[in-house]
Amino acid sequence: MTSRIIQTGGVSVERWSGHLQPEGFRVLLLGATGSGKSSFIEALAGNDHQLGISGGTLDSVTQNVQAFKAVNVQLMGRHDEFRPLYIIDTPGFLDSKMSELEIVNKVKGWMDQNGMWNTICKAEAKERAENHFFQLQDTMWKDEIKDGTNIVKFLNTQLSAIGILTGLDLRRHALVGYFNLHPNGPLAPLVLKELLDRIQNAQQDRRAIIDDRIQLLTFPNHDLESTITPSLRSVDERLANHLRQLVEFGTRLSLNANLQAIA
(Lines give C-alpha, C1' and ligand atoms only; values in the text may rest on other atoms or scores of the structure.)
Protein backbone atom coordinates (compact mmCIF):
# COMPACT_ATOMS: atom_id res chain seq x y z
CA MET A 1 0.00 0.00 0.00
CA THR A 2 1.32 3.46 -0.89
CA SER A 3 1.55 6.33 1.57
CA ARG A 4 -1.25 8.88 1.51
CA ILE A 5 -2.58 11.85 3.48
CA ILE A 6 -5.94 11.27 5.13
CA GLN A 7 -8.38 13.08 7.40
CA THR A 8 -8.92 11.35 10.73
CA GLY A 9 -11.37 13.70 12.44
CA GLY A 10 -12.31 17.34 12.90
CA VAL A 11 -9.56 19.43 11.32
CA SER A 12 -7.72 22.37 12.86
CA VAL A 13 -4.18 23.76 13.01
CA GLU A 14 -1.83 24.58 15.86
CA ARG A 15 1.37 26.60 15.88
CA TRP A 16 4.44 24.44 16.24
CA SER A 17 7.64 25.84 17.75
CA GLY A 18 9.22 22.61 18.92
CA HIS A 19 11.26 19.99 17.11
CA LEU A 20 9.64 18.47 14.04
CA GLN A 21 9.41 14.71 14.27
CA PRO A 22 11.77 13.30 11.62
CA GLU A 23 9.15 10.86 10.35
CA GLY A 24 6.64 13.70 9.88
CA PHE A 25 5.53 14.92 6.46
CA ARG A 26 6.31 18.58 5.64
CA VAL A 27 4.45 20.78 3.19
CA LEU A 28 6.21 24.03 2.28
CA LEU A 29 4.07 26.95 1.11
CA LEU A 30 5.83 29.29 -1.34
CA GLY A 31 4.51 32.26 -3.28
CA ALA A 32 4.38 36.02 -3.63
CA THR A 33 3.20 38.30 -0.86
CA GLY A 34 -0.60 38.22 -0.82
CA SER A 35 -0.87 35.01 -2.87
CA GLY A 36 -2.72 33.18 -0.10
CA LYS A 37 -0.13 31.09 1.78
CA SER A 38 -1.15 32.24 5.26
CA SER A 39 -4.80 32.32 4.19
CA PHE A 40 -4.47 28.65 3.25
CA ILE A 41 -3.38 27.84 6.82
CA GLU A 42 -6.10 30.07 8.29
CA ALA A 43 -8.71 28.29 6.21
CA LEU A 44 -7.40 24.87 7.21
CA ALA A 45 -7.59 25.90 10.88
CA GLY A 46 -11.31 26.62 10.52
CA ASN A 47 -13.47 29.52 11.68
CA ASP A 48 -13.12 28.59 15.35
CA HIS A 49 -9.30 28.64 15.30
CA GLN A 50 -8.26 31.93 13.69
CA LEU A 51 -4.49 32.39 13.84
CA GLY A 52 -4.21 36.05 12.79
CA ILE A 53 -1.40 35.36 10.32
CA SER A 54 -2.90 36.64 7.05
CA GLY A 55 -3.23 40.17 5.72
CA GLY A 56 -3.75 42.19 2.56
CA THR A 57 -0.76 44.55 2.35
CA LEU A 58 2.30 44.82 0.07
CA ASP A 59 4.48 43.82 3.02
CA SER A 60 4.59 40.18 3.96
CA VAL A 61 2.74 39.49 7.21
CA THR A 62 4.93 36.42 7.68
CA GLN A 63 8.44 37.70 8.39
CA ASN A 64 10.03 34.37 9.31
CA VAL A 65 9.52 30.72 8.52
CA GLN A 66 6.82 29.31 10.82
CA ALA A 67 5.72 25.71 11.27
CA PHE A 68 2.14 24.62 11.95
CA LYS A 69 0.91 21.14 12.80
CA ALA A 70 -2.28 19.89 11.20
CA VAL A 71 -4.74 18.33 13.64
CA ASN A 72 -6.50 15.21 12.34
CA VAL A 73 -4.83 15.43 8.91
CA GLN A 74 -2.03 12.89 8.90
CA LEU A 75 0.20 10.83 6.69
CA MET A 76 -0.68 7.15 6.64
CA GLY A 77 2.46 5.20 5.83
CA ARG A 78 2.82 2.04 3.80
CA HIS A 79 2.31 -0.09 6.90
CA ASP A 80 -0.77 1.84 8.06
CA GLU A 81 1.23 3.83 10.62
CA PHE A 82 0.22 7.46 11.22
CA ARG A 83 2.74 10.29 10.92
CA PRO A 84 2.22 13.99 11.71
CA LEU A 85 1.69 16.55 8.96
CA TYR A 86 3.46 19.92 9.24
CA ILE A 87 2.62 22.95 7.09
CA ILE A 88 5.39 25.52 6.76
CA ASP A 89 4.51 29.17 6.14
CA THR A 90 7.20 31.36 4.59
CA PRO A 91 7.73 35.09 3.94
CA GLY A 92 6.23 36.15 0.63
CA PHE A 93 8.31 36.83 -2.44
CA LEU A 94 8.01 40.26 -4.14
CA ASP A 95 7.84 41.87 -0.70
CA SER A 96 8.24 45.66 -0.72
CA LYS A 97 11.07 45.55 1.84
CA MET A 98 12.52 42.04 2.05
CA SER A 99 14.68 40.90 -0.87
CA GLU A 100 14.29 37.51 -2.56
CA LEU A 101 17.82 36.62 -1.44
CA GLU A 102 16.91 37.27 2.20
CA ILE A 103 13.79 35.12 1.87
CA VAL A 104 15.67 32.27 0.17
CA ASN A 105 18.31 32.36 2.91
CA LYS A 106 15.63 32.23 5.61
CA VAL A 107 13.89 29.27 3.98
CA LYS A 108 17.13 27.39 3.35
CA GLY A 109 18.38 28.02 6.90
CA TRP A 110 15.14 26.70 8.34
CA MET A 111 15.19 23.68 6.06
CA ASP A 112 18.79 22.86 6.99
CA GLN A 113 17.73 22.77 10.64
CA ASN A 114 14.70 20.59 10.07
CA GLY A 115 15.78 17.83 7.74
CA MET A 116 14.75 16.68 4.29
CA TRP A 117 11.59 17.68 2.45
CA ASN A 118 8.90 15.75 0.69
CA THR A 119 6.88 18.05 -1.52
CA ILE A 120 5.89 21.57 -2.36
CA CYS A 121 2.42 23.10 -2.25
CA LYS A 122 1.54 26.34 -4.00
CA ALA A 123 -1.64 27.89 -2.64
CA GLU A 124 -3.36 30.73 -4.50
CA ALA A 125 -6.19 32.98 -3.39
CA LYS A 126 -9.53 32.26 -5.02
CA GLU A 127 -9.74 35.41 -7.12
CA ARG A 128 -6.24 34.98 -8.54
CA ALA A 129 -6.86 31.32 -9.26
CA GLU A 130 -10.04 32.20 -11.13
CA ASN A 131 -8.21 34.78 -13.27
CA HIS A 132 -5.08 32.79 -14.03
CA PHE A 133 -5.91 29.12 -13.59
CA PHE A 134 -6.25 28.15 -17.24
CA GLN A 135 -3.41 30.42 -18.35
CA LEU A 136 -1.08 28.75 -15.86
CA GLN A 137 -2.30 25.30 -16.78
CA ASP A 138 -2.09 25.70 -20.56
CA THR A 139 0.88 28.05 -20.95
CA MET A 140 3.17 29.01 -18.08
CA TRP A 141 3.32 25.64 -16.28
CA LYS A 142 2.70 23.43 -19.29
CA ASP A 143 6.10 21.68 -19.12
CA GLU A 144 5.96 21.25 -15.33
CA ILE A 145 2.49 19.71 -15.56
CA LYS A 146 3.75 17.36 -18.26
CA ASP A 147 6.45 16.24 -15.80
CA GLY A 148 3.86 15.49 -13.11
CA THR A 149 3.17 18.80 -11.35
CA ASN A 150 -0.46 19.35 -10.37
CA ILE A 151 -2.22 22.72 -10.41
CA VAL A 152 -5.37 23.11 -8.33
CA LYS A 153 -7.65 25.93 -7.21
CA PHE A 154 -7.71 26.98 -3.57
CA LEU A 155 -11.23 28.26 -2.83
CA ASN A 156 -10.30 29.84 0.52
CA THR A 157 -12.34 27.29 2.48
CA GLN A 158 -11.36 24.59 4.94
CA LEU A 159 -12.82 21.91 2.69
CA SER A 160 -10.72 23.14 -0.23
CA ALA A 161 -7.54 23.22 1.89
CA ILE A 162 -8.16 19.66 3.12
CA GLY A 163 -8.79 18.53 -0.45
CA ILE A 164 -5.47 20.00 -1.63
CA LEU A 165 -3.52 18.28 1.15
CA THR A 166 -5.17 14.89 0.75
CA GLY A 167 -4.66 15.11 -3.01
CA LEU A 168 -0.89 15.66 -2.88
CA ASP A 169 1.25 13.31 -4.95
CA LEU A 170 3.60 11.89 -2.31
CA ARG A 171 5.94 10.39 -4.90
CA ARG A 172 7.36 13.78 -5.87
CA HIS A 173 10.45 15.15 -4.10
CA ALA A 174 10.74 18.62 -5.61
CA LEU A 175 12.75 20.50 -2.99
CA VAL A 176 15.91 18.47 -2.42
CA GLY A 177 18.76 20.93 -2.97
CA TYR A 178 16.52 23.48 -4.68
CA PHE A 179 17.43 26.33 -2.32
CA ASN A 180 21.19 25.85 -2.54
CA LEU A 181 22.52 29.04 -4.13
CA HIS A 182 25.25 27.49 -6.27
CA PRO A 183 26.73 29.71 -9.04
CA ASN A 184 25.34 27.38 -11.71
CA GLY A 185 22.04 26.70 -9.94
CA PRO A 186 18.63 27.97 -11.07
CA LEU A 187 18.11 30.43 -8.20
CA ALA A 188 21.44 32.31 -8.03
CA PRO A 189 21.07 34.49 -11.15
CA LEU A 190 17.41 35.22 -10.36
CA VAL A 191 17.93 36.43 -6.80
CA LEU A 192 21.07 38.36 -7.82
CA LYS A 193 19.19 40.29 -10.52
CA GLU A 194 16.31 40.98 -8.16
CA LEU A 195 18.71 42.25 -5.49
CA LEU A 196 20.49 44.54 -7.97
CA ASP A 197 17.10 45.93 -9.05
CA ARG A 198 16.21 46.65 -5.42
CA ILE A 199 19.51 48.47 -4.90
CA GLN A 200 18.95 50.57 -8.01
CA ASN A 201 15.41 51.44 -6.92
CA ALA A 202 16.58 52.36 -3.41
CA GLN A 203 19.28 54.60 -4.86
CA GLN A 204 16.69 56.35 -7.04
CA ASP A 205 14.40 56.81 -4.03
CA ARG A 206 17.28 58.26 -2.05
CA ARG A 207 18.18 60.75 -4.80
CA ALA A 208 14.57 61.87 -5.00
CA ILE A 209 14.40 62.43 -1.23
CA ILE A 210 17.67 64.36 -1.29
CA ASP A 211 16.31 66.57 -4.10
CA ASP A 212 13.23 67.30 -1.98
CA ARG A 213 15.46 68.15 0.96
CA ILE A 214 17.47 70.59 -1.16
CA GLN A 215 14.25 72.27 -2.25
CA LEU A 216 13.41 72.89 1.39
CA LEU A 217 16.44 75.18 1.67
CA THR A 218 14.71 77.55 -0.74
CA PHE A 219 11.10 76.85 0.18
CA PRO A 220 10.91 75.78 3.85
CA ASN A 221 8.02 73.48 4.72
CA HIS A 222 7.92 72.08 8.25
CA ASP A 223 5.31 69.41 7.46
CA LEU A 224 7.26 68.13 4.45
CA GLU A 225 10.54 68.14 6.37
CA SER A 226 8.97 66.06 9.15
CA THR A 227 8.22 63.32 6.60
CA ILE A 228 11.50 63.58 4.66
CA THR A 229 13.74 62.79 7.62
CA PRO A 230 12.17 59.40 8.51
CA SER A 231 11.83 58.57 4.79
CA LEU A 232 15.54 59.17 4.25
CA ARG A 233 16.39 57.10 7.31
CA SER A 234 14.20 54.25 6.06
CA VAL A 235 15.68 54.20 2.56
CA ASP A 236 19.23 54.38 3.97
CA GLU A 237 18.53 51.34 6.15
CA ARG A 238 17.02 49.49 3.20
CA LEU A 239 19.95 50.35 0.92
CA ALA A 240 22.54 49.38 3.53
CA ASN A 241 20.78 46.07 4.11
CA HIS A 242 20.67 45.24 0.40
CA LEU A 243 24.31 46.21 -0.12
CA ARG A 244 25.36 44.03 2.81
CA GLN A 245 23.45 41.10 1.29
CA LEU A 246 25.09 41.75 -2.09
CA VAL A 247 28.60 41.70 -0.63
CA GLU A 248 27.89 38.49 1.30
CA PHE A 249 26.28 36.89 -1.75
CA GLY A 250 29.12 37.95 -4.04
CA THR A 251 31.67 36.52 -1.63
CA ARG A 252 29.80 33.24 -1.47
CA LEU A 253 29.63 32.96 -5.27
CA SER A 254 33.16 34.35 -5.84
CA LEU A 255 31.82 36.96 -8.25
CA ASN A 256 34.52 38.70 -10.26
CA ALA A 257 32.97 42.12 -10.00
CA ASN A 258 33.72 45.37 -8.21
CA LEU A 259 30.70 45.38 -5.92
CA GLN A 260 31.77 48.65 -4.29
CA ALA A 261 31.11 50.44 -7.59
CA ILE A 262 27.40 49.75 -7.15
CA ALA A 263 27.25 51.84 -3.98
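The name given to the protein in an unreviewed UniProt entry is G domain-containing protein, with Panaeolus cyanescens as the source organism.

Glancing now at the overall build of the protein. If you tally the helices and strands in the protein, you get 7 helices and 6 strands. Put simply, the protein runs from its N terminus to its C terminus through helices and strands in the order β-β-α-β-β-β-α-β-α-α-α-α-α. Of all 263 residues assigned to the protein, the portion counted as buried reaches 40%. In the protein, once contacts between residues fewer than 6 apart in sequence are set aside, the share between residues at least 24 apart is 74%. Surface exposure of the protein reaches about 14,900 Å², of which carbon and sulfur atoms provide 51%.

For the rest of this paragraph, the subject is the packing of aromatic side chains. For any pair of aromatic rings, the description consists of the separation of the ring centres together with the inter-plane angle of the planes. Scanning the entire structure with this criterion turns up 2 aromatic pairs. Summarising the aromatic geometry, the rings of tryptophan 16 and tyrosine 86 are spaced 5.8 Å apart at their centres and angled 55° between planes, so their arrangement reads as tilted. Here tryptophan 16 is found in strand β1 (residues 4-16), whereas its partner tyrosine 86 is found in strand β5 (residues 85-89), with 70 residues between them in sequence. Classification of tyrosine 86 as buried rests on a relative accessible area of 0%.

Cut-offs and rules
- Residues numbered from 1 in each chain as written.
- Predicted model: local features only at pLDDT ≥ 70, side-chain atom pairs only at ≥ 80, totals over all residues.
- Heavy atoms only, no water.
- Helix = DSSP H or I, 4+ residues; strand = E, 2+ residues; numbered from the N terminus.
- Buried < 20%, exposed > 50% of the residue type's maximum accessible area, 1.4 Å probe, protein only.
- Contact = heavy atoms within 4.5 Å.
- Areas by Shrake-Rupley, 256 points an atom, 1.4 Å probe, with all protein chains shown as cover.
- Phe/Tyr/Trp six-rings, centres within 6.5 Å; stacked < 30°, edge-to-face > 60°.

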